[in-house]
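As a plain string of letters, each chain reads:
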Amino acid sequence: MPLIEWSENFSVNIPSIDEQHKKIVHMVNELHEAMITDKGNSVLGKIFGELIQYTKTHFSYEEKLFQTYGYPEAEDHKQSHDALTSKTMALQKDFETGSTTIMFEVSDFLKSWLTNHIQGQDKKYAPFLSSKGVT
């Protein structure tokens, strides 16, 4: 059972960003599935690492759009990205040092953050970027 179900509530109506968000949701669900089916730490570590890397790529994409089009709330949004990156890197470090119970904290954190971030902050920039022709 997926941890997060993609729905139109997550859509920012910018196809390139929605596709990236869908991939992040898929990766979070893949990590969650690996945890509940008791996959080995090497599998969990690999999925977790890929999720962190892809999320950084996604953040860079958004931040480049903000810079290109002069999004007025870019700095606040970037701070949110930086906070997530720091938190997930700390969770990854805890996992790598052998704290397997950390994985359920990871699931809860990612679900909460992803839902709140997309439905809150990302939906704020969507009209601005759409008005600039971003697709």
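Rules and cut-offs
Residues numbered from 1 in each chain as written. Predicted model: local features only at pLDDT ≥ 70, side-chain atom pairs only at ≥ 80, totals over all residues. Heavy atoms only, no water. Core = buried A, V, L, I, M, F, W, Y, C linked by side-chain atoms within 4.5 Å. Buried < 20%, exposed > 50% of the residue type's maximum accessible area, 1.4 Å probe, protein only. Helix = DSSP H or I, 4+ residues; strand = E, 2+ residues; numbered from the N terminus. Contact = heavy atoms within 4.5 Å. Phe/Tyr/Trp six-rings, centres within 6.5 Å; stacked < 30°, edge-to-face > 60°. Lys NZ or Arg CZ within 6 Å of the ring centre and 35° of its normal. Salt bridge = Lys/Arg side-chain N within 4 Å of Asp/Glu carboxyl O. Expected span 1.5 Å × (residues − 1).

### Description of the nonpolar core
So, point 1. Judged by nonpolar contacts, the single largest core of 28 residues is most densely connected at Val 28, Leu 31, Met 103, Leu 110 and Leu 114.
So, point 2. Of all the secondary structure elements, the ones that give two or more residues to this core are helix 1 (15-36), helix 2 (41-69), helix 3 (74-96) and helix 4 (102-131).
So, point 3. The greatest single-element share of this core, amounting to 8 residues, is contributed by helix 4.
So, point 4. Ignoring any residue separated from it by four or fewer positions in sequence, one finds Val 28 in contact with Leu 3, Ile 4, Leu 51, Leu 110 and Leu 114.
So, point 5. Val 12, Ile 17, Leu 129 and Val 134 belong to the second largest nonpolar core, which has 10 residues in total.

### Structural notes on the packing of aromatic side chains
So, point 1. Enumeration according to the criterion identifies 6 aromatic pairs in this entry.
So, point 2. Each ring, one from Phe 66 and one from Tyr 71, has its centre 4.8 Å from the other, and the planes form 40 degrees; the classification is tilted. A single burial state applies to Phe 66 and to Tyr 71, both of which are buried.
So, point 3. Centre to centre, the rings of Tyr 71 and Phe 128 are 5.3 Å apart; their planes meet at 50 degrees, and the pair counts as tilted. Separated by 57 residues along the polypeptide, Tyr 71 in the loop between helix 2 and helix 3 and Phe 128 in helix 4 bring together distant segments of the chain.
So, point 4. Judged by its relative accessible area of 7%, Tyr 71 is buried.
So, point 5. Counting every residue linked through ring pairs, the aromatic cluster contains Phe 66, Tyr 71, Tyr 125 and Phe 128.
So, point 6. The positively charged end of Lys 23 is found above the aromatic ring belonging to Tyr 54, 4.7 Å away from the centroid.
So, point 7. The side chain of Lys 87 reaches across the aromatic face of Phe 109, ending 5.6 Å from its centre.

### Topic: the environment of Lys 22
So, point 1. Looking at the element boundaries, Lys 22 is found in helix 1.
So, point 2. In this structure the C-alpha to C-alpha distance between Lys 22 and Ser 107, which are 85 residues apart in sequence, comes to 16 Å.

### Here's the deal with the pattern of salt bridges
Any two side chains of opposite charge can pair if their charged atoms end up close together.
So, point 1. Scanning the model with the defined rule gives 5 salt bridges in all.
So, point 2. Glu 73 is paired through a salt bridge with Lys 124; the nearest N and O atoms lie 3.7 Å apart. Separated by 51 residues along the polypeptide, Glu 73 in the loop between helix 2 and helix 3 and Lys 124 in helix 4 bring together distant segments of the chain.
So, point 3. Residues Lys 78 and Asp 82 are paired through a salt bridge, measuring 3.1 Å at the closest nitrogen-oxygen approach.

### Things to note about helix 2
So, point 1. For helix 2, built from 29 residues, the straight-helix expectation of 42 Å at 1.5 Å per residue is met to within 8% by its first-to-last C-alpha distance of 42 Å.
So, point 2. Where helix 2 is concerned, the buried positions are Leu 44, Ile 47, Phe 48, Leu 51, Ile 52, Tyr 54, Thr 55, His 58, Phe 59, Glu 62, Leu 65 and Phe 66.
So, point 3. Those residues of helix 2 hidden inside the fold are in contact with helix 1, helix 3 and helix 4.
So, point 4. Backbone geometry just after helix 2 places Gly 70 at a positive phi near 70 degrees.

### Digging into helix 1
So, point 1. The end-to-end C-alpha distance of helix 1 is 31 Å, a good match for the 32 Å that 22 residues give at a rise of 1.5 Å each.
So, point 2. Where helix 1 ends, the next residue or the one after it, Asp 38, has phi of about 60 degrees, a positive value.

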